[in-house]
Amino acid sequence: MSTPVTDPFARLRSLTQARIGLARAGDGLALKPMLDFQLAHARARDAVHRPLDVAAVAAGLSAPPLLVASAAPSRADYLQRPDLGRRLRDAARDRLPETHADIALVLADGLSSKAVEAHGAAMVAALAPRLAGLTLAPVVLSTQARVAIGDDIGAALGARLVVVLIGERPGLSSADSLGLYLTFAPKPGRRDSERNCISNIRPPEGIGYGEAADLAAFLIREALRLKLTGVALKDTRADILPAGPAVAAIGS
């Protein structure tokens, strides 16, 4: 009587979405993991190329957003020319009012419109109440946008700090991951080292809205107090373990 063969990687696969110990057929992958890979790759491509449903995102917000677009005239231009996605079209910049608010909130499609549609409005709803006592500019919704477009938008609004909620580059296990970027004193030309990032906001697989909003609110208030963001701004909350998932996402 033969002994049943156990899968030594089964327990590891139950703890992560990473592809571990995939079955093989000869020199290649077995049929099922190959089909799973192709499906994940197709979903990632769809997330990058699919246009943002602006009406659906706007409908989820408590007030109509200000609609703007980057200097990239098409999705193809956006993907081939990242620099165009980092700045507003001139006409869009001229439409933004000068608010002198403490915080500018920007929703941007980035590289995953699916992430913004799934999590953007919910993150705004979770974050706004935690910013009591601070003035908020009207929410801005931008298409064909990169992270740095927040610098242009924040400067046009006259905001002290900009928060950009943007669809992150899809992976083969996460096509709907939302990133949150903070930049103090936004203006064109800010470096990535002058930002803080909370990545992988996508409950239940990633960071939840409440956890991300708590961390963002703490960093926002610290940024306004210290007058900086970036590598010098850390999560110093005493009730958070150093190895916590949100802490690991800061400083990128």
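Everything numeric in this text was worked out from a predicted model, so none of it was measured. (Residues numbered from 1 in each chain as written. Predicted model: local features only at pLDDT ≥ 70, side-chain atom pairs only at ≥ 80, totals over all residues. Heavy atoms only, no water.)

1. Comments concerning the overall build of the protein chain
Okay, step 1: Regarding its fold elements, the protein chain presents 10 helices and 8 strands.
Okay, step 2: C-alpha atoms of the protein chain, sized along the principal axes, occupy 80 × 45 × 30 Å.
Okay, step 3: When the 252 residues of the protein chain are sorted by exposure, 44% land in the buried category.
Okay, step 4: Across the protein chain, the fraction of contacts at a sequence separation of at least 24, relative to all contacts at a separation of at least 6, is 70%.
Okay, step 5: Only carbon and sulfur atoms are counted for the fraction: they give 57% of the accessible area of the protein chain, which is about 12800 Å².
Okay, step 6: Looking at charge distribution, the protein chain has the averaged site of its 30 positive side-chain charges lying 2 Å from that of its 25 negative ones. (Helix = DSSP H or I, 4+ residues; strand = E, 2+ residues; numbered from the N terminus. Buried < 20%, exposed > 50% of the residue type's maximum accessible area, 1.4 Å probe, protein only. Contact = heavy atoms within 4.5 Å. Areas by Shrake-Rupley, 256 points an atom, 1.4 Å probe, with all protein chains shown as cover. Lys, Arg positive; Asp, Glu negative; His and termini not counted. Charge placed at Lys NZ, Arg CZ, Asp CG, Glu CD.)

2. Structural notes on the nonpolar core
Okay, step 1: In terms of nonpolar packing, the biggest core is built from 37 residues, with Ile-103, Leu-107, Leu-127, Leu-161, Val-163, Leu-180 and Ile-220 touching the most fellow members.
Okay, step 2: Per-element tally for this core: the top contributor is helix H9 (residues 209-226), with 9 residues.
Okay, step 3: Once you skip the residues sitting within four places of it in the chain, Leu-180 turns out to touch Met-123, Val-163, Val-164, Leu-165, Asn-196, Cys-197, Ile-198, Ile-201 and Ala-216.
Okay, step 4: Ranked by size, the runner-up nonpolar core spans 21 residues in total, among them Val-106, Val-140, Ile-149 and Ile-166. (Core = buried A, V, L, I, M, F, W, Y, C linked by side-chain atoms within 4.5 Å.)

3. Some details on the packing of aromatic side chains
Okay, step 1: By the definition in use, this model includes 0 aromatic pairs.
Okay, step 2: The ring of Tyr-78 is capped by Arg-146, whose NZ or CZ atom sits 4.3 Å from the centre of that ring. (Phe/Tyr/Trp six-rings, centres within 6.5 Å; stacked < 30°, edge-to-face > 60°. Lys NZ or Arg CZ within 6 Å of the ring centre and 35° of its normal.)

4. What about the pattern of salt bridges?
Okay, step 1: This structure, assessed with the given rule, holds 15 salt bridges.
Okay, step 2: Among the salt bridges present, the one from Asp-83 reaches Arg-81, with a minimum N-O distance of 2.7 Å.
Okay, step 3: Arg-190 serves as the salt-bridge partner of Glu-194, at 2.9 Å between the closest nitrogen and oxygen.
Okay, step 4: According to the relative accessible area criterion, Glu-194 is buried, its value standing at 17%.
Okay, step 5: Three or more residues are tied together by salt bridges with common partners; here these are Asp-90, Arg-93 and Asp-152. (Salt bridge = Lys/Arg side-chain N within 4 Å of Asp/Glu carboxyl O.)

5. Here's the deal with helix H7 (residues 113-127)
Okay, step 1: In this model, H7 (15 residues) spans 20 Å end to end at C-alpha, consistent with the 21 Å of a helix rising 1.5 Å per residue.
Okay, step 2: Where H7 bends most, the angle comes to about 45°, and this point is His-119.
Okay, step 3: Among the residues making up H7, those that are buried are Ser-113, Ala-115, Val-116, His-119, Gly-120, Ala-121, Met-123, Val-124, Ala-126 and Leu-127. (Expected span 1.5 Å × (residues − 1). Bend = angle between axes of the 7 residues up to and from the residue.)

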